[in-house]
Amino acid sequence: MSFSIIATGSALPKKVVTNDDLAQFLDTSDEWIVTRTGIKTRHVATDETTSSLAVEAAKNALDMAHLSPSDLDLIICTTVTHDYITPSLACVVQGELGANCPALDINAACSGFLYALDVADGYFARGRVEKVLVVSSELLTRITDWRDRATAVLFGDGAGAVVLGRGDALRSIKIGAKGNPDPLYSPNVGGISPWRADKTEPECFLHMNGQEVFKFAVSTVSADLIDVAQEAGIDVSSLDHAVLHQANLRILDAAARKCGLAPEKMEVIIDETGNMSSACIPIALDRLVRSGRLHSGEWVALAGFGGGYTSGAACFKWD
Ligand code: UT7
């Protein structure tokens, strides 16, 4: 026995930016963005921060679970866009909530939420925890190069959270990595060390080879869905819902076709939110739960892919 997801929560910045808004200062159009990505709008932080969205999502999940922060045994956060290099987002969230458990961050880019679930699985297996909070929060707009139409139209901000409790809904989980920074990366600050050989200061923006990442995404996520369904003892076509990282509507469609899943079983929020890296999956899951469309006894798979490369997938019999 490992864990069940006993509650979900999410938070989005209040400002909504449309494709037409972007076309005011980028050489792009609503037609190009919708056709190539499925994105119509995205939420963009103004006064919100990675931490403030994380705390709001966490509080929503704790409310649904009817738990207080002191009930938590562990907090795991995932982000590539934290407000600080140190302390970790998890420590900031722990302090803001008033919890008193250990807290750690994971950076596995867009697969971060799946990596966090896999780490939590280990804590449950070792009997170290009863209740775990996982929060994925991203301000992708912080590292977006707003001069580059190839990437600026893709990203948005948001946070999603889940509370895990001892249970047996999780039936299978896998994570993977294929280390190769070139297709998708954002440099860190260079620093002002007098001994640093290269004195140029890199711009800390996302760079992406879209077509390479697209191919990796479709092949990896479809194979991962087949694997976790099989390990859970079902065929992928028997899944009731699939909640995938939201990078491109065409990736969701292609992955569904490739693994034999009916496309209408794919949760889609990208039209409204854009790509929010590790926050996409828990936000989409929260939407699914709160809409009342996810029923006890149904099969749901989660799957992520992204920079690293990293990937991860899990299969649940919802309870
Ligand atoms: O979350 C991490 C994982 N990320 C992903 O999975 C992203 C995967 N990649 C993708 O989703 C797609 O590759 C993109 C949406 C990024 C790009 O779509 P694409 O169909 O691969 O387009 P492209 O890069 O091949 O560009 C096609 C054309 C180019 O013009 P030419 O060379 O054909 O004249 C681009 O310059 O579209 C042009 N273009 C644009 N035009 C209008 C690129 N961006 C834009 C834009 N507006 N925003």
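In this text the structure is predicted, and so the values were computed from the model without any measurement. (Residues numbered from 1 in each chain as written. Predicted model: local features only at pLDDT ≥ 70, side-chain atom pairs only at ≥ 80, totals over all residues. Heavy atoms only, no water.)

A. Layout of the state of the cysteines. A full pass over the atoms with the stated rule returns zero disulfides. The thiol of Cys91 is unpaired, and the distance to the nearest cysteine sulfur, on Cys77, comes to 9.0 Å. For Cys91, a relative accessible area of 39% corresponds to the partly exposed category. In this structure Cys280 is a free cysteine whose sulfur lies 7.1 Å from that of Cys110, the closest cysteine sulfur available. Exposure remark for Cys280: the relative accessible area of 0% places this residue in the buried category. (Disulfide = S-S within 2.5 Å. Buried < 20%, exposed > 50% of the residue type's maximum accessible area, 1.4 Å probe, protein only.)

B. Inspection of helix α5 (residues 112-125) at higher detail. For α5, with 14 residues, the first-to-last C-alpha span of 20 Å sits near the 20 Å given by 1.5 Å per residue. Those residues of α5 not exposed but buried are Gly112, Phe113, Leu114, Tyr115, Ala116, Leu117, Ala120, Asp121, Tyr123 and Phe124. Residue Gly127 follows α5 closely and has a positive phi angle near 70 degrees. (Helix = DSSP H or I, 4+ residues; strand = E, 2+ residues; numbered from the N terminus. Expected span 1.5 Å × (residues − 1).)

C. Inspection of the pairing of strand β6 (residues 131-139) at higher detail. β6 sits mainly inside the fold: eight of its nine residues count as buried. As paired strands, strand β4 (residues 74-78) and β6 are joined by five bridges and run parallel to one another. Across the sheet, Leu74 pairs through a bridge with Val132, a residue of β6. Sheet analysis places β6 next to strand β7 (residues 157-167), joined by nine bridges and oriented antiparallel. Paired with Lys131 across the strands is Gly165, a residue of β7. (Pairing = 2+ DSSP bridges.)

D. Structural view of the packing of helix α3 (residues 50-65) against helix α4 (residues 89-97). Contact geometry of α3 with α4 gives a least axis separation of 10 Å together with a crossing angle of 55 degrees. Taken together, α3 and α4 sit at an angle that is classed as oblique. Handedness of the α3/α4 crossing: right-handed. In contact with Thr50, Ser51, Ala54, Val55, Ala58, Lys59 and Leu62 of α3, α4 contributes Leu89, Val92, Val93, Glu96 and Leu97. Of the residues that constitute the contact of α3 with α4, the class distribution is eight nonpolar, two polar and two charged. (Axes fitted to C-alpha atoms, helices over the stretch in contact; angles between N-to-C directions. Parallel < 35°, antiparallel > 145°, perpendicular 65-115°, else oblique. Left-handed = near helix turned anticlockwise from the far one by under 90°. Contact = heavy atoms within 4.5 Å. Nonpolar A, V, L, I, M, F, W, Y, C, P; charged D, E, K, R; others polar.)

E. Expanded view of the domain arrangement of the protein. Domain boundaries assigned for the protein yield domain 1 (2-168) and domain 2 (172-317). Averaged C-alpha coordinates put domain 1 and domain 2 at centres separated by 13 Å. Between domain 1 and domain 2, the contact holds 52 residues from the first and 45 residues from the second. Summing both sides of the interface, domain 1 and domain 2 together bury roughly 3,700 Å²; the carbon and sulfur share of this comes to 63%. (Domains from an automatic or database assignment. Buried area = accessible area lost by both parts, 1.4 Å probe.)

F. The sheet that holds strand β5 (residues 103-106), seen in detail. With mixed pairing, five strands are arranged side by side in an open sheet as β1-β7-β6-β4-β5. Two strands lie at the open edges of the sheet, namely β1 (2-11) and β5, each paired on one side alone. Across the sheet, the mean angle from the axis of one strand to that of its neighbour is 20 degrees, orientation sign disregarded. Across four bridges, β4 lies against β5 in parallel orientation. Opposite Thr78, over in β5, you have Ile106 as the bridge partner. Packed onto the sheet, helix α10 (residues 280-290) meets β1, β6 and β7 and runs at close to 95 degrees relative to β1.

G. How the structure looks around unusual backbone geometry. Residue Pro87 is bonded to the preceding Thr86 through a cis peptide linkage, with omega at 5 degrees. By the element assignment, Pro87 lies in the loop between β4 and α4. A cis amide bond links Gly308 to the next residue, Tyr309, at an omega of -15 degrees. As for its position among the elements, Tyr309 is in the loop between β12 (299-306) and β13 (310-317). Here the phi dihedral of His66 falls at roughly 55 degrees; this positive angle occurs in a residue that is not glycine. Counting through the fold element by element, His66 comes out in the loop between α3 and β4. Of note in this structure, Ser277 is not a glycine but carries a positive phi near 50 degrees.

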